[in-house]
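# Reading the structure
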Amino acid sequence: MTHNEARLLIGAEPHAAPNLELAEHLATCAECAQFQSEMIVLDGNIRRALEHGPLTGTPTPVASVTQISNARAARPAKPPSVWSGWALAASVAVASVLVMWALRPGDTLARELVTHVEYESDSWSSDRVVPPATVNDILAKAGVALDMGSDKVMYARRCFFRGHVVPHLVVTTSRGPVTVLVLPHEKVRERMNFHEDGMTGVITPAPHGSIAILALGSESIDAVAQEVQQSVHWLSQP
Amino acid sequence: MRGMRNSGPETPVSSYDGSPVGAKAGDPIVTLFESMRPDLLRFALWLARDRAIAEDIVQEALLRAWRSRDALKEQAAARAWLLTIVRREHARLYERKRLELVALDDGVEPEGMPSPPGPDSELDSLRGAILKLPLEYREPLIMQVLGGFTTAEIAQELNLTSTAVLTRLFRARNKLRTMYGLAPAADDAESEGVA
């Protein structure tokens, strides 16, 4: 094995166990052994640079489900119940009805929307206008256009939601920042308002699927929702 | 309101197959995918060198992964499987030239990839040097070091011979050596011979 052949193998796989031929070469060649030592050190630094590189110091844009689960698990537990047996049975019955009510498709969608927006809590505080070309590109992939001032969109991403990638925008309105999710694959029969986890929202039927609009706080969102809804134009069958 | 009408729509995202899939937040496979999102994003960032593009790549990859989830036979293989999808999604973007790729090798800083503040300027410099590697060298290096792929796996994925992959890996590290003031090793490797 030549020096160059040895260095090619070392440089390509510094941490790999040397084959017999390379091992024999290294045993008799101090220069190549030195090269190997240098490359192992370099490779360790490369690994550290890659593993702690671009994401260090910057938030992961979408929190993992695990993180959210952990955060939710960390919420303070309610005190144990002291109800008697009959009261407990009655409450179970009531709870069952409530769960069935809560699991209506529309409400499930609302809850998942809130959860999704909570994942991307940074979206509310963005103070940089998203370039119109970026917004257009994101929306166009969902077959929609937004007829709104180009300086109003402060956040625009394509997000994985219920098995589809959908546009997720935050726009500035008279009510403050409002989140808009265009949901071509989520059909709803009628307009639905909801309040959950400190957010107010509305899901409105659209020509293709629906549009969800959410804002922080309990103040009515109806006027803004109507404005946003009128600004969204469907360009194609999604 | 000022007009900001979109230009003509591109192929909608939903046109991959158009079938309703209905992923649920509590679905174990969704949980598995989501738990790997940081790794996928990091991998995509090193490939794409642009945060917004990397995020798009990961979203598309997750969507493709969800729709092909039946192909994932073992959860233990999920990471490599997802990284492969991310790499292919990046290659798809790159090859189609849908993006106006800037010649970052000329010294333009990648967008959305701030160097982390810290005393370790050596690592910062190394990150900069890695980002400036041409994709043909950067990609196998990232696959090997960050993705844990073997030379044979990289060769298969990149449609190269194992020798070609070894050469690219050697050249990638050889370029990075110079950053430390070390003399680069002689490079007399013959042409790579794409398979």
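Higher on the page you've got the structure.
Notes on the structure in this doc start here. (Residues numbered from 1 in each chain as written. Chains lettered and ligands numbered in written order. Predicted model: local features only at pLDDT ≥ 70, side-chain atom pairs only at ≥ 80, totals over all residues.)

### A few points about the overall build of chain A
Broken down by element type, chain A carries eight helices and eight strands. For chain A, with 238 residues in total, the buried portion stands at 39%. When contacts within chain A are restricted to residue pairs at least 6 apart in sequence, long-range pairs at least 24 apart make up 57% of them. (Helix = DSSP H or I, 4+ residues; strand = E, 2+ residues; numbered from the N terminus. Buried ≥ 20, exposed ≤ 12 C-beta atoms within 10 Å, placed from the backbone. Contact = placed C-beta atoms within 7 Å.)

### Considering the overall build of chain B
The helix and strand inventory of chain B stands at eight helices and zero strands. Written out in order from the N terminus, the α and β elements of chain B read α-α-α-α-α-α-α-α. Per-residue burial for chain B yields a buried fraction of 41% across its 195 residues. Of the contacts formed within chain B by residues at least 6 apart in sequence, a portion of 66% connects residues at least 24 apart.

### Some remarks on unusual backbone geometry
Backbone phi values are negative for most residues with the exception of glycine, while trans is the configuration of most peptide bonds. Phi at Asp197(A) is positive, roughly 50 degrees, even though this residue is not glycine. Relative to the elements of secondary structure, Asp197(A) occurs in the loop between strand 5 (192–196) and strand 6 (199–205). A positive phi angle, close to 60 degrees, is found at Asn159(B), a residue other than glycine.

### Brief notes about helix 5 (residues 121–131) of chain B
Those residues of helix 5 of chain B that sit buried are Leu126(B), Arg127(B), Ile130(B) and Leu131(B). The arc that holds the buried residues of helix 5 of chain B, viewed along the axis, is 135 degrees, so those residues lie on one side. (Arc of directions from axis to C-beta.)

### Concerning the pairing of strand 6 of chain A
Residue and element names in this part refer to chain A. When strand 5 meets strand 6, the two strands line up antiparallel, connected through five bridges. Its bridge partner being in strand 6, Met-192 is matched across the sheet by Ile-203. Between strand 5 and strand 6, which pair antiparallel in sequence order, lie two residues; one of them, Asp-197, sits at a positive phi of approximately 50 degrees. Where strand 6 and strand 7 (residues 210–216) come together, seven bridges link them in antiparallel fashion. If you follow Val-202 over to strand 7, its bridge partner there is Ile-213. (Pairing = 2+ DSSP bridges.)

### Points about the sheet that holds strand 4 (residues 176–183) of chain A
One open sheet holds the six strands; their spatial order is 2-3-4-7-6-5 (chain A), and the pairing between them is antiparallel. Whereas interior strands pair on both sides, the edge strands pair on one side only; in this sheet they are strand 2 (153–161) and strand 5 of chain A. Going across the sheet, the axis of each strand differs from the next one's by a mean of 20 degrees, ignoring polarity. Strands in contact with helix 8 (residues 222–231) of chain A are strand 3 (164–173), strand 4, strand 6 and strand 7 of chain A; relative to strand 6 of chain A, the strand with the most contacts, it is inclined by about 40 degrees. Sheet contacts for helix 3 (residues 51–67) of chain B: strand 2 and strand 3 of chain A; angle to strand 2 of chain A, the most-contacted strand, approximately 25 degrees. (Axes fitted to C-alpha atoms, helices over the stretch in contact; angles between N-to-C directions.)

### Focus: the pairing of strand 4 of chain A
Residues and elements named next belong to chain A. Burial within strand 4 is extensive, with six of its eight residues counted as buried. In this sheet, strand 4 lies alongside strand 3 in antiparallel orientation, the contact comprising six bridges. Within strand 4, the position partnered with Val-170 by the bridge is Thr-179. Between strand 3 and strand 4, which pair antiparallel one after the other, the connecting turn spans two residues. As judged from the six bridges shared by strand 4 and strand 7, these two strands associate in the antiparallel manner. Residue pairing in the sheet places Leu-183 in a bridge with Ser-210 of strand 7.

### Focus: the nonpolar core
Buried together is how nonpolar side chains tend to be arranged in soluble globular proteins. Counting 102 residues, the largest nonpolar core has Ile213(A), Leu40(B), Ala44(B) and Val86(B) as its most contacted members. When near neighbours in sequence (up to four residues on either side) are disregarded, Leu40(B) contacts Val58(B), Ala61(B), Leu82(B), Leu83(B) and Val86(B). (Core = buried A, V, L, I, M, F, W, Y, C linked by C-beta atoms within 7 Å.)

### So, the packing of helix 3 (residues 30–51) of chain A against helix 5 of chain B
The packing of two helices is summarised by the inter-axis angle and the distance between the axes. For the pair helix 3 of chain A and helix 5 of chain B, interaxial distance at closest approach is 9 Å and the crossing angle is 80 degrees. Here helix 3 of chain A is positioned roughly perpendicular relative to helix 5 of chain B, judged by the angle of their axes. For the pair helix 3 of chain A and helix 5 of chain B, the contacting residues are Asn45(A), Ile46(A), Arg48(A) and Ala49(A) in the first and Leu123(B), Leu126(B), Arg127(B) and Ile130(B) in the second. When its residues are assigned to classes, the contact of helix 3 of chain A with helix 5 of chain B shows five nonpolar, one polar and two charged. (Parallel < 35°, antiparallel > 145°, perpendicular 65-115°, else oblique. Nonpolar A, V, L, I, M, F, W, Y, C, P; charged D, E, K, R; others polar.)

### Describing the environment of Leu50(A)
Among the secondary structure elements, Leu50(A) is positioned in helix 3. For Leu50(A), a count of 21 C-beta atoms within 10 Å gives the class buried. Setting aside residues up to four positions removed in sequence, Leu50(A) forms contacts with Trp46(B), Ile142(B), Val145(B) and Leu146(B).

### Some details on the packing of helix 1 (residues 3–12) of chain A against helix 3 of chain A
Residue and element names in this part refer to chain A. At a closest axis distance of 10 Å, the pairing of helix 1 and helix 3 adopts a crossing angle of 15 degrees. Overall, the two elements helix 1 and helix 3 adopt an arrangement that is roughly parallel. Classified by chirality, the crossing of helix 3 by helix 1 is right-handed. The segment helix 1 lies against helix 3, with His-3, Ala-6, Arg-7, Ile-10 and Gly-11 engaging Glu-31, Cys-32, Phe-35, Gln-36 and Met-39. Grouping the constituent residues of the contact of helix 1 with helix 3 by class yields five nonpolar, three polar and two charged. (Left-handed = near helix turned anticlockwise from the far one by under 90°.)

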